[in-house]
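Residues per chain are reported as follows:
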Amino acid sequence: MRPQEIIRKKRDGGELSREEVASFVGGVVDGSWADYQASALLMAVYLTGMTTVEMEALTQAMLGSGEVLDFSDIELPKADKHSTGGVGDKTSLVIAPLVAACGVAVPMISGRGLGHTGGTLDKLEAIPGYRVHLDLDEFRKILRGVGYAMMGQTAEIAPADKKLYALRDATETVESIPLIVASIMSKKLAAGLGALVLDVKTGSGAFMRDEGRAKALARALVRTGHSCGVHTEALLTDMSQPLGAAVGNANEVQECIRIMRGDSGEEARDVRELSVELSARMVALSGVAASLEEARKQVNRALDSGAALERFRRNVEEQGGNPRVCDDPQILTDLTVEEVRVESVHAGYVEAIDAAEVGRAVAGVGGGRVRVEDRIDPAVGYIAHARTGQQVSAGEPLGLLYCRKGAQAAAAAARIRAAYTVGEAAPNHVPQLIKEVIAQ
Ligand code: URA
């Protein structure tokens, strides 16, 4: 099949056959498609879209470009969660042990943070000694023994995605929904899952800020999951302010451990609520509970009884981390870090927060990556005190910034302050955490 014919068909709005999609992906991986031809097809997809059948074919072809992990020797059902990312989005750390404690194995392949969004692997590495580079045998052993294991993407998983993502990045085609769907699903499905729950975020700190586009993405992900034979659901959730109070790697781990210890307060209520709901849906979709209501009860019991914390402790131990963090999360606090108050200039109500700006400010003081090769300082971060709708007085801290001496603390604090819009009247709309469930 000549690339030109496939490009022309898509350019003219036609539906590519499974063979044509496979020929494209195969050609990208073996180099028989030139980069300019692959880029032309990506642009044609960006402009004319793809049907569900094409998205499924693209996902399967990208999945098939690499290794598909086989955990069929582990008899438990297998499920995972994927979030499109945000600021303070730390639920994976609670969800994996919580779902494992309910009898569902979670082979979680996670990513690193870039730009304003954090990454699960960076958060885990805030625990001294924790290793995310596991070989497959070790990953399998921990998954079998603990019920969940965490590692990063390997070069063997969906190699077509790496190549295609680089071309998308260079051709301004990253934002195409079919291309995002195939990219996410080909990597997630490589872990051999029976169930997948997607947390699609919308709002100022989300990858898809616009709610309509986020919803379209959620629908396309769910439809593609179903057509690949995986029980899939998506929650459309709020990312118009940081999730929970903690932003930054050690801070976020501490917040999660406190949730699992039952020590967290109002500041972490949204993290707890979202973690419970996503977990319950993973448990229900895996067929371990008779209904969603039953799954919610099971998940709440596993959290309240300390069963999730025990799984977390065993995982930390197995992956080389210091399990004492479970008893005393405070040991992750680096006392050499400076605390800077980010104060409100005016009295009034928090009308809106530019969550991405908060994330970028934290990344700028070393808590995230501005460039892929940046090293992360786990100890720096931000603890948000004021939430949308909250009344604040002039001089009251909106939050506390933790950074190194000389790390442009004043500029970072000013950037975070400017991310808050404080108005005179209470906003008549406070964002809802879970906006919609998409099951079809
Ligand atoms: N995340 C992915 O893994 N791929 C995309 O294309 C976008 C977000």
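Because the structure is predicted, anything quoted here is derived from the model rather than measured. (Residues numbered from 1 in each chain as written. Predicted model: local features only at pLDDT ≥ 70, side-chain atom pairs only at ≥ 80, totals over all residues. Heavy atoms only, no water.)

Q: Tell me about the sheet that holds strand 5 (residues 231–238), and please be specific about residues and values.
A: One open sheet accounts for four strands, arranged 1-4-5-13; its pairing is mixed. Edge positions in the open sheet fall to strand 1 (79–83) and strand 13 (434–438), since each of these has one partner strand only. Adjacent strand axes in the sheet meet at a mean angle of 15°, parallel and antiparallel pairs treated alike. Of the strand pairs in this sheet, strand 4 (residues 195–202) and strand 5 are connected by eight bridges, and their pairing is parallel. In the strand pairing of strand 5, Lys 201 is matched with Thr 237. This element, helix 9 (residues 177–188), spans strand 1 and strand 4 of the sheet and lies at about 150° to strand 1. (Pairing = 2+ DSSP bridges. Helix = DSSP H or I, 4+ residues; strand = E, 2+ residues; numbered from the N terminus. Axes fitted to C-alpha atoms, helices over the stretch in contact; angles between N-to-C directions. Contact = heavy atoms within 4.5 Å.)

Q: Give me the lowdown on empty space enclosed by the protein, citing residues and values where you can.
A: For the coordinates displayed, the defined rule picks out two cavities of 30 Å³ or more. If you go around the largest cavity, you meet 21 residues; those closest to its centre are His 116, Thr 117, Gly 118, Gly 367 and Gly 368. Elements with a contribution of two residues or more to the lining of the largest cavity: helix 6 (120–124), helix 11 (249–261) and helix 15 (355–367). Looking at the lining of the largest cavity residue by residue, the class counts come to five nonpolar, 13 polar and three charged. (1 Å grid on protein atoms, 1.4 Å probe; cavity = no way out; pocket = protein on both sides within 12 Å on 5 of 7 lines; lining within 4 Å. Points joined across faces, edges and corners; volume = space filled by probe spheres on them. Nonpolar A, V, L, I, M, F, W, Y, C, P; charged D, E, K, R; others polar.)

Q: Any details on the site of the ligand? Residues and values, ideally.
A: With respect to spatial proximity, the complete set of residues near the ligand consists of Tyr 165, Arg 168, Ile 180, Ser 183, Ile 184, Lys 187 and Phe 207. Contact between the ligand and Arg 168: an oxygen atom at 2.8 Å from a side-chain N or O atom of the residue. Measuring from a nitrogen atom of the ligand, one finds a side-chain N or O atom of Ser 183 at 2.6 Å. The protein chains hide 82% of the 230 Å² of surface that the ligand would expose on its own. Listing elements by their share of the shell around the ligand, those giving two or more residues are helix 8 (159–171) and helix 9. (Near = heavy atom within 4 Å. Polar contact = N/O pair within 3.5 Å; in protein donor to acceptor, adjacent residues only side chain to side chain. Areas by Shrake-Rupley, 256 points an atom, 1.4 Å probe, with all protein chains shown as cover.)

Q: Lay out the packing of aromatic side chains with the relevant residues and their values.
A: Each aromatic ring pair is summarised here by two numbers: the centre-to-centre distance and the angle between the ring planes. Applying the stated criterion to the full structure yields two aromatic pairs. Both rings, one in Phe 24 and one in Trp 33, keep their centres 5.1 Å apart while their planes meet at 65°; by these two values the pair is edge-to-face. In this pair, the class of Phe 24 matches that of Trp 33, namely buried. Relative to Phe 139, the ring of Phe 71 has its centre 5.8 Å away and its plane inclined at 45°; by these criteria the two rings are tilted. Here the residue Phe 71 occupies a position in the loop between helix 4 (52–63) and strand 1, and Phe 139 occupies one in helix 7 (residues 136–146), the gap between them amounting to 68 residues. The same class applies to Phe 71 as to Phe 139, namely buried. (Phe/Tyr/Trp six-rings, centres within 6.5 Å; stacked < 30°, edge-to-face > 60°. Buried < 20%, exposed > 50% of the residue type's maximum accessible area, 1.4 Å probe, protein only.)

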